[in-house]
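Commentary on secondary and tertiary structure
Take a look at the letters that make up each chain.
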Amino acid sequence: MKGTVKFRIDGREVEAARGMTVLEAALANGIYIPNLCFREGIEPFGGCRLCLVENNEGRLVTACETPAEDGSEFISESERINRIRRTTLSLIIADHSRDCLACPASGDCRLQELSSYLNVSDGDLERLRPELSGIDVDESNPFFLRNHDKCILCGICVRVCRGLGAEAVDFAYRGHDTRIATFMDRDILDSSCVSCGECVEACPVGALLPRTERPSTEVRTVCPYCGAGCEIYLGVRGNRVVSSRGVPDSPVNQGRLCVKGRFALKFVNSPERLKKPLIKVDGEFVEVEWDEAISVVAERLSEYTGEEFAAVASAKCTNEENYLLQKFTRAVMGSGNIDHCARLCHAPSLTGLRMSLGSGAMTNSISELGAAGCILAVGTNPTETHPVTSYRVIRALRSRARLVVVDPRKTRLSELADIHLQNRPGSDIPLLMAMCRFILEEGLHDSEFIDSRTEKFEDFRDAVMALDLDEVERITGVNVKDIRRAAIMYASNSPASIIYSMGITQHVNGTGNVLALSNLALLTGNIGIKSAGINPLRGQNNVQGACDMGALPDLLPGYQGIGEAAGKFSEKWGSPIPPAGLTLPEMFDAARDGKIRCMYIMGENPLLSEPDIERTREALEGLEFLVVQDIFLTETAELADVVLPAASFAEKDGTFTNTERRVQLLRKALDAPGDALPDWQIISMIAGRMGREDFDYESASRIFDEIRELVPSYAGISHERLKSGGIQWPCTSEEDAGTGYLHSEEFPTPTGRASFLLPDYQFRGVPEEYPLVLVTGRNLYQYHTRSMTARVEELESFSDHEELLMNPADASSMGIREGDTVEVTSERGSLRVRAGVTDEVMEGVVFMTFHFADAPANVLTGGDRDPFSGMPGLKFTPVRVCRVQLR
Ligand SMILES: Nc1nc2c(c(=O)[nH]1)N[C@H]1C(S)=C(S)[C@@H](COP(=O)(O)OP(=O)(O)OC[C@H]3O[C@@H](n4cnc5c(=O)[nH]c(N)nc54)[C@H](O)[C@@H]3O)O[C@H]1N2
Ligand SMILES: Nc1nc2c(c(=O)[nH]1)N[C@H]1C(S)=C(S)[C@@H](COP(=O)(O)OP(=O)(O)OC[C@H]3O[C@@H](n4cnc5c(=O)[nH]c(N)nc54)[C@H](O)[C@@H]3O)O[C@H]1N2
Ligand code: SF4
Ligand code: SF4
Ligand code: SF4
Ligand SMILES: [Mo]
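Residues numbered from 1 in each chain as written. Chains lettered and ligands numbered in written order. Predicted model: local features only at pLDDT ≥ 70, side-chain atom pairs only at ≥ 80, totals over all residues. Heavy atoms only, no water.

The protein chain has a UniProt comment under Sequence similarities (unreviewed entry) that states "In the C-terminal section; belongs to the prokaryotic molybdopterin-containing oxidoreductase family." (UniProt positions renumbered as here; feature names shortened; annotations may be inferred.)

This part takes up the site of ligand 4. Every residue lining ligand 4 is accounted for by Phe144, Cys161, Ala166, Ala168, Ile188, Cys193, Val194, Ser195, Cys196, Gly197 and Cys199. Considering only residue class, the shell around ligand 4 consists of nine nonpolar, two polar and no charged. (Near = heavy atom within 4 Å. Nonpolar A, V, L, I, M, F, W, Y, C, P; charged D, E, K, R; others polar.)

This part covers the site of ligand 5. Surrounding ligand 5, one finds Cys223, Tyr225, Cys226, Gly229, Cys230, Leu257, Cys258, Lys260, Gly261, Pro387 and Val388. Mapped onto the shell around ligand 5, the elements with two or more residues apiece are α7 (259-263) and α12 (387-399). Partitioning the shell around ligand 5 into residue classes produces eight nonpolar, two polar and one charged. (Helix = DSSP H or I, 4+ residues; strand = E, 2+ residues; numbered from the N terminus.)

Let us look at the domain arrangement of the protein chain. Split into domains, the protein chain comes out as domain 1 (4-128), domain 2 (144-268), domain 3 (278-343 + 543-728), domain 4 (347-536) and domain 5 (772-883). Spacing between the C-alpha centres of domain 1 and domain 4 amounts to 46 Å. (Domains from an automatic or database assignment.)

Another point: the UniProt feature "domain: 4Fe-4S Mo/W bis-MGD-type" (unreviewed entry) in the protein chain. In this numbering, the UniProt entry assigns the feature "domain: 4Fe-4S Mo/W bis-MGD-type" (unreviewed entry) to residues 216-272. Each end of residues 216-272 is marked by a C-alpha atom, and these two atoms are 24 Å apart; helix forms 9% of the span and strand 35%.

Looking now at the pairing of strand β27 (residues 625-630). For β27, a buried count of six out of six residues is recorded, marking the element as mostly surrounded by other parts of the structure. Burial along β27 is two-sided: the face carrying Phe625, Val627 and Gln629 and the face carrying Leu626, Val628 and Asp630 are both buried. Relative to β27, strand β26 (residues 598-602) is paired through five bridges, and the arrangement is parallel. Following the sheet pairing, Met599 is matched in β27 by Leu626. (Buried < 20%, exposed > 50% of the residue type's maximum accessible area, 1.4 Å probe, protein only. Pairing = 2+ DSSP bridges.)

Regarding helix α3 (residues 110-117), the residues found buried are Leu111, Leu114 and Ser115. When α3 is viewed along its axis, its buried side chains cluster within an angular range of 105 degrees and face the same direction. In the segment just after α3, Asn119 is the residue with positive phi, at about 55 degrees. (Arc of directions from axis to C-beta.)

Strand order in the open sheet formed by five strands is β2-β1-β5-β3-β4, with mixed pairing between adjacent strands. Only two strands of the sheet have a single partner each, and these edge strands are β2 (12-17) and β4 (60-62). Neighbour to neighbour, the strand axes of the sheet diverge by 40 degrees on average, direction disregarded. With two bridges connecting them, strand β1 (residues 4-9) and strand β5 (residues 73-75) associate as parallel partners. Counterpart to Ile9 in the pairing with β5 is Phe74. (Axes fitted to C-alpha atoms, helices over the stretch in contact; angles between N-to-C directions.)

Glancing now at the environment of Ile498. Mapped onto the elements of the fold, Ile498 is located in strand β22 (residues 496-500). Take Ile498: its relative accessible area is 0%, and that puts it in the buried class. Spatially, the C-alpha atom of Ile498 lies 43 Å from that of Ala687, the residues being 189 residues apart in sequence. Apart from the residues lying within four places of it in its own chain, the contact partners of Ile498 are Leu376, Tyr490, Leu517, Ala521, Gly533, Ile534 and Asn535. (Contact = heavy atoms within 4.5 Å.)

A word on the sheet that holds strand β10 (residues 208-210). Strand order in the open sheet made by the three strands is β6-β7-β10, with antiparallel pairing throughout. Bordering the open sheet on either side are β6 (137-138) and β10, each of which pairs with just one other strand. The pairing of strand β7 (residues 144-147) with β10 spans three bridges and is classified as antiparallel. Counted as the bridge partner of Arg146 is Leu208 from β10.

Together, Glu448, Asp451, Glu458 and Asp459 make up a region of like negative charge exposed at the surface. Elements with a minimum of two residues in the negative patch: α15 (447-453) and α16 (457-465). Looking at where Glu458 falls in the secondary structure, it is placed in helix α16. Note on Glu458: relative accessible area 46%, which makes it partly exposed. (Patch = residues over 30% accessible without salt bridge, like charges linked within 9 Å, V, L, I, M, F, W, Y side chains within 5 Å. Areas by Shrake-Rupley, 256 points an atom, 1.4 Å probe, with all protein chains shown as cover. Salt bridge = Lys/Arg side-chain N within 4 Å of Asp/Glu carboxyl O. Lys, Arg positive; Asp, Glu negative; His and termini not counted. Charge placed at Lys NZ, Arg CZ, Asp CG, Glu CD.)

This is the structure:
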């Protein structure tokens, strides 16, 4: 067979994939060779020398560094080899803390296992171990301990950490003093460590220990934070979540996790969880039983129909729940007003990519990034926002990929990039068009692809060739020579993958930005093949799914147009299908104008996440009836007439669809607190009380069966099938294994071709009275409006207050120093916040997150919207900053 080799270990023939080492091949074939510093998936080190084997020349070699070659032979066991191994092991043990009995890793320690395998007796162990003076433990990290006395210097943590790009630890000092240390041997909390816990998981002994309790049982499910959709084993003890670890054989994350997926899931246990339905009486919430709550909601909702009603679905909830809420809105309430946070997120991707390619989803799979020749990352900060996806990018760099980053800020990814184009916010269209121009000039475009698979190329080419490059330089603030280098790098290292997120979409020309990226991929034929494509990294855990399920005002489930598919849906649901409704920001406009009088919000916190908080508050307060269904009493829920307590991801069954279109099964791991119920059950009860019999589903799986009947790209998927692993849509039949990358043959457009579409561009400057551009975004340790992450206090060690980041030049010209309180003012409002001075942001730009309710960024944002997608300019708000004189 090609791609495999055959060789012998101890006389036994073993087969291995070409490129494997002798150790990997042996372990894969069930032959144990002692080892300590080896770990699957990271580069070998040859440090512990326990995996010595004898080759056919009689020489001793480390199996972890020796490639398996056809016809070679090895001896893995002999008295000579074991004698050396015992000596080596004794030396390692001699440097290791003696207190095995008190070590929490006892029973789960590779050093103990090896001692027993190599017959190093307890007596020997005792004799070998020195009394160590003093304890050398770093307790600074709230999630794990580092005990240097127990470290055997295997270097696994160093390699794991390097592999994911944090580079927080390395070997330090020499000889007997050698130890694993951070830069300057500071506490791990003060290093570049991102608390992913990968090293803790990998450490073979007790030197790195999680502070978490051990679980009594583990349930395979999916991380509820970001759209990467990492698979986890959720550890449960009693009725509490106590731990989480990555599923090693998951195609999404291969066992890897980030700080939130590994350490930030205990919000589920918070005493602040909603446990009973609440009804507001005279301005105060009163706890009631479900029966009463459902009666009140059903009765009040019956008073409104059609356009007076709007529902907000949730990218945190399951596909089944989103499907049900949009069905309820359309079929029971007769309203087309259904939308969710995708509007503030990837709505421009949905419209833009549908216009140019026929489908708005990520074209390729996350794992394909690993084999890319070039990665172009535009307006995305994945080391903080999609960390496990960023590990893939970094791995690709370590093999052969080149990296181009386009971002007004310095990020971890821009530090690692071959080229960082630090452009002014909102200037991506001219920058990307100029890249296309240089590609054409250099003849690096793919004429065959353009001829056979696209249309409207000529107009596009003419516009690109007419570009004024001096103006491009003026608008972007980037030297065109650098843009040219980036263009050549992207176009000449195929397959080239584009990844992008909010830096592209959250602009009033977000759809145009997306078209500009799409043109670049089409021009170079980087689409329809593996490891290329154009990949919007979806934000929320199930935002892909909520869109797939038709929680959008203009599209029915499966992106089926209302015009074409209304008949099919109205037949199935037994109700007419209302026309397209309003987008999320339009709903709040309409509520303020009194046109929408009643709203149902499931799993969103718009009071903090929508632009222009004052207007949003007015809208919410002006409603006659507001229902909020959440797991916590959020700022939005405080304004509700009725609050319904929902079960969290850990307490229900259902499915999430991750950013790469992979539908994955969520499994109930524990009971919801108090009377909280899964969102789908709550909607079913309300619809039932309103007289509908077709909402009486037995389980989430039954709802899924209805979905697959109506949505062709989900037709081949079922809960039963998902039990053996996630499936990427389109999956049209039970025999279909799913689709890793899209558009290999045809584009799902009327002509089967993709289109070059010219993005509209209008330069946006800043007025004199608001001379700085405010960019809003996120950080690694907090999530959106913090309803979940605020309940994990440990995260406060890393991020416990809002900060306005500003360039040193801007700060000094305004007399502002690090830590000063400043007032930030836009056309819409103002807030006070602490200043952070850093050259991470360019001159003229300030940055803050929208995580903290006491300095809520969205007081400042708002205004115009993208005419195609309704997206407000969340990444571009003109502001003025001044120091607050404290008396
Ligand atoms: N820890 C954490 N992770 C998250 C989330 C969270 O709240 N916390 N939220 C999730 C969700 S829903 C989403 S949508 C994603 C978002 O993930 P990202 O889009 O990666 O995050 P942002 O911080 O919003 O913005 C990304 C980058 O865009 C850059 N940028 C701003 N303006 C421009 C511009 O005009 N042009 C270019 N080229 N770049 C620009 C910013 O400097 C920033 O580095 O994260 C998801 N993951
Ligand atoms: N200024 C500014 N504003 C922004 C952005 C920005 O970059 N800058 N980004 C925008 C983007 S991309 C997004 S995605 C939005 C996010 O905006 P939101 O979706 O409003 O933000 P979250 O805080 O994630 O709100 C999710 C809610 O769901 C609840 N929840 C969690 N699990 C469940 C469940 O199982 N059932 C129910 N019923 N509820 C549950 C949580 O407690 C939380 O209250 O913010 C947008 N707003
Ligand atoms: S801390 Fe653990 S993984 Fe790191 S070198 Fe020491 S023993 Fe190995
Ligand atoms: S927790 Fe993650 S970032 Fe921190 S040292 Fe370990 S591997 Fe590196
Ligand atoms: S990368 Fe995203 S899905 Fe994966 S563990 Fe982190 S937050 Fe969860
Ligand atoms: Mo998002």
